[in-house]
Amino acid sequence: MDKLSLVDIKKKNYSDIYHFIYKHGKTSKQSLAQGLQISLPTVNQHLNTLMENGLIEQCGQLQSQIGRRANVYSAVSQARTAIGVEVLKDQTTLVMIDLFGNVVNSRRFPFIYENSNEYCRQVSQCILEFIDASGISHSKILGIGFGMQGLASSDGTQMTYSKILDTEGLTSQAFQQHVGLPCRLMHDSECAAVTTLWNSPEIQDSIYLSLAYHLGGAIIIHGEIQQGLTGKSGTIEHMTLIPNGRKCYCGQLGCAECYCSVDALLNNEEDLDTFFTKKNAGSTKHIERWKKYLDYLAILANNLHLVIECSIILGGHLAPYMEEKDFLYLHETIQKHTAFPEKESFLLQGSRYPDSVSIGAALKLVKSFLSHV
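Since this is a predicted model, take the numbers as computed values, not measurements.

J.: Describe the packing of helix H1 (residues 6-24) against helix H2 (residues 29-36), listing the residues and the values that go with them.
T.: Running from N to C, H1 and H2 point in directions that differ by 115°, and their axes come no closer than 11 Å. For H1 against H2, the interelement crossing comes out right-handed. Within the contact between the two elements, H1 uses Asp16, Ile17, Phe20 and Ile21 and H2 uses Ser31, Leu32, Gly35 and Leu36. Classifying every residue of the contact of H1 with H2 gives 5 nonpolar, 2 polar and 1 charged.

J.: Explain the nonpolar core residue by residue, including any values.
T.: Core analysis: the largest hydrophobic core is formed by 44 residues, its most contacted members being Ile17, Tyr18, Leu47 and Leu55. Residue assignment for this core shows that the elements contributing at least two residues are H1, H2, helix H3 (40-52), strand S3 (71-75), strand S5 (92-97), helix H6 (188-199), strand S12 (216-221) and helix H12 (356-372). A per-element tally of this core places H12 first, with 9 residues. What Leu47 contacts, discounting residues up to four positions off in sequence, is Ile17, Ile21, Lys29, Leu32, Ile56 and Tyr73.

J.: Tell me about the sheet that holds strand S1 (residues 27-28), residues and numbers included.
T.: The 3 strands lie next to each other as S1-S3-S2, forming an open sheet whose pairing is antiparallel. Where the open sheet ends on each side, the last strands, each with one partner, are S1 and strand S2 (56-61). Bridge analysis of S1 against S3 gives 2 bridges, and the strand direction is antiparallel. Following the sheet pairing, Thr27 is matched in S3 by Tyr73. Each of S2 and S3 is contacted by H3, which is oriented at about 115° to S2, the strand it contacts most.

J.: Mind laying out the pattern of salt bridges, listing which residues take part and the relevant values?
T.: Applying the stated criterion across every chain, the model contains 7 salt bridges. Here Lys12 makes a salt bridge to Asp16, at a shortest N to O gap of 2.7 Å. Taken together, the residues Lys12 and Asp16, both in helix H1 and 4 residues apart, mark about one turn of the helix. Residue Lys12 is classed as partly exposed on the basis of its relative accessible area of 44%. Measuring nitrogen to oxygen at the nearest pair gives 2.9 Å for the salt bridge that ties Glu190 to Lys364. With Glu190 in helix H6 and Lys364 in helix H12, the pair connects residues that are 174 residues apart, well separated along the chain. The exposure class assigned to Glu190 is buried, which follows from its relative accessible area of 11%.

J.: Go over the packing of H1 against H3, please, and point to the residues and values.
T.: Taken N-terminus to C-terminus, the directions of H1 and H3 make an angle of 75°; their axes are 10 Å apart at the nearest point. Judged by the angle between their axes, H1 and H3 are roughly perpendicular. Only Thr42, Val43, Gln45, His46, Leu47, Thr49 and Leu50 of H3 make contact with H1, whose side of the interface consists of Lys10, Asn13, Tyr14, Ile17, Tyr18 and Ile21. Residues of the contact of H1 with H3, tallied by class, amount to 7 nonpolar, 5 polar and 1 charged.

Conventions we followed
- Counting from 1, residues in each chain are numbered in the order their sequence is written.
- Local features in this predicted model are restricted to residues of pLDDT 70 or higher, and side-chain atom pairs are both shown and tallied only at a pLDDT of 80 or more, whereas totals for entire chains, interfaces and linings draw on every residue.
- Side-chain numbers here rest on the full set of heavy atoms in the structure, without hydrogens or water.
- Helix axes are fitted only over the stretch in contact, all axes being lines through C-alpha atoms; the angle between N-to-C directions runs from 0 to 180 degrees.
- Put simply, DSSP H or I for four residues or longer makes a helix, DSSP E for two residues or longer makes a strand, and each gets a number counted from the N terminus.
- Each crossing gets its handedness from the near helix: less than a right angle anticlockwise from the far helix is left-handed, clockwise is right-handed.
- For this analysis, residues touch if any pair of their heavy atoms sits within 4.5 Å.
- Each residue gets one of three labels, nonpolar for Ala, Val, Leu, Ile, Met, Phe, Trp, Tyr, Cys and Pro, charged for Asp, Glu, Lys and Arg, and polar for the others, Gly among them.
- The definition of a nonpolar core used throughout is a set of buried Ala, Val, Leu, Ile, Met, Phe, Trp, Tyr and Cys residues joined through side-chain atoms within 4.5 Å.
- Only protein chains enter the calculation, and the probe is 1.4 Å; a residue is then buried if its accessible area is under 20% of its type maximum, exposed if over 50%, and partly exposed in between.
- Being paired, for any two strands, means DSSP has found at least two bridges between them.
- For salt bridges, the criterion is a side-chain nitrogen of Lys or Arg within 4 Å of an Asp or Glu carboxyl oxygen.
- Throughout, the term roughly parallel applies to angles under 35 degrees, roughly antiparallel to angles over 145, roughly perpendicular to angles from 65 to 115, and oblique to all others.

And the structure:
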């Protein structure tokens with residue numbers, strides 16, 4: 001193994017000290033020196049630099065009955081912030097999060113999507129107004145992540161495939177030229193999966209199903225989302241569920257999108273609140289529609305579990321409405337039809353945040369920043 005240079009060692013100590021403080025919260029110099037096995041003078045040097053850079057702050061002293069009380073330090077949550085945007089056909093959602101993933105501010109406004117410079121200009125103007133209202137300096141904003149209904153290039157600069165909205169060919173520069181901040185385009189399902197992983201870091205291998213108005217998915221291996229050779233990994237929505245079935249927006253017949261998306265569950269002019277209010281009030285029609293939806297979802301979940309034997313996370317817009325009895329019904333239905341019955345359910349409930357896409361789009365930027373400190 002090559003020996004580290006003095007510069008490399010200095011960078012590593014700087015990074016290790018910051019991440020120790022970030023992970024442990026309020027931390028003293030002595031705890032840092034002991035926990036990282038480095039000298040107090042080295043700790044002092046890097047603490048001073050981190051404070052000068054605005055990444056940490058002194059936040060009191062440890063209680064002690066004898067001697068001088070030790071100063072304690074913590075990471076500054078808003079040393080940097082990131083903005084996430086979810087773009088839908090008739091609505092745009094903005095969130096700003098801090099370095100711990102906490103939502104600093106959020107806003108939702110109606111905007112009819114169109115692939116045009118004027119649309120990008122108008123959305124960018126709303127983002128700038130949103131930043132000003134938040135009172136956060138532009139210099140502290142890491143960038144803006146856009147959760148889009150479609151596939152994006154691996155570098156986040158361009159939309160490469162989209163049939164739901166006309167986003168194909170849209171570039172991050174279309175927004176960046178107006179806001180003057182780094183912008184990145186992302187697949188909305190991946191963003192939702194990032195939010196779930198952030199809140200459940202113990203998840204290592206799993207399949208994430210985004211039960212949103214349009215179905216989506218993500219494959220998670222060793223805690224990381226796998227995009228595949230061209231970014232198509234996890235496009236579970238276009239797996240054939242019913243041969244020669246309903247026509248999908250992609251042009252094929254019987255895709256899972258046509259049976260397991262929220263749009264497949266709801267009638268025209270119906271929303272989730274209305275549907276579940278009527279179902280929970282005992283409407284026979286709504287109860288039967290829900291049961292049929294769960295039956296299709298059980299088939300899809302069983303097929304996925306047979307391909308990769310791991311947990312399946314059910315997230316997306318539908319997640320907040322799902323109850324324990326729904327997961328029990330899914331498990332029981334799967335066991336009736338699978339070749340390999342299991343006593344324990346492999347289904348998990350995903351993030352119940354309604355803004356998981358916009359939050360995840362911002363979290364991608366936060367994770368990138370933290371990995372480079």
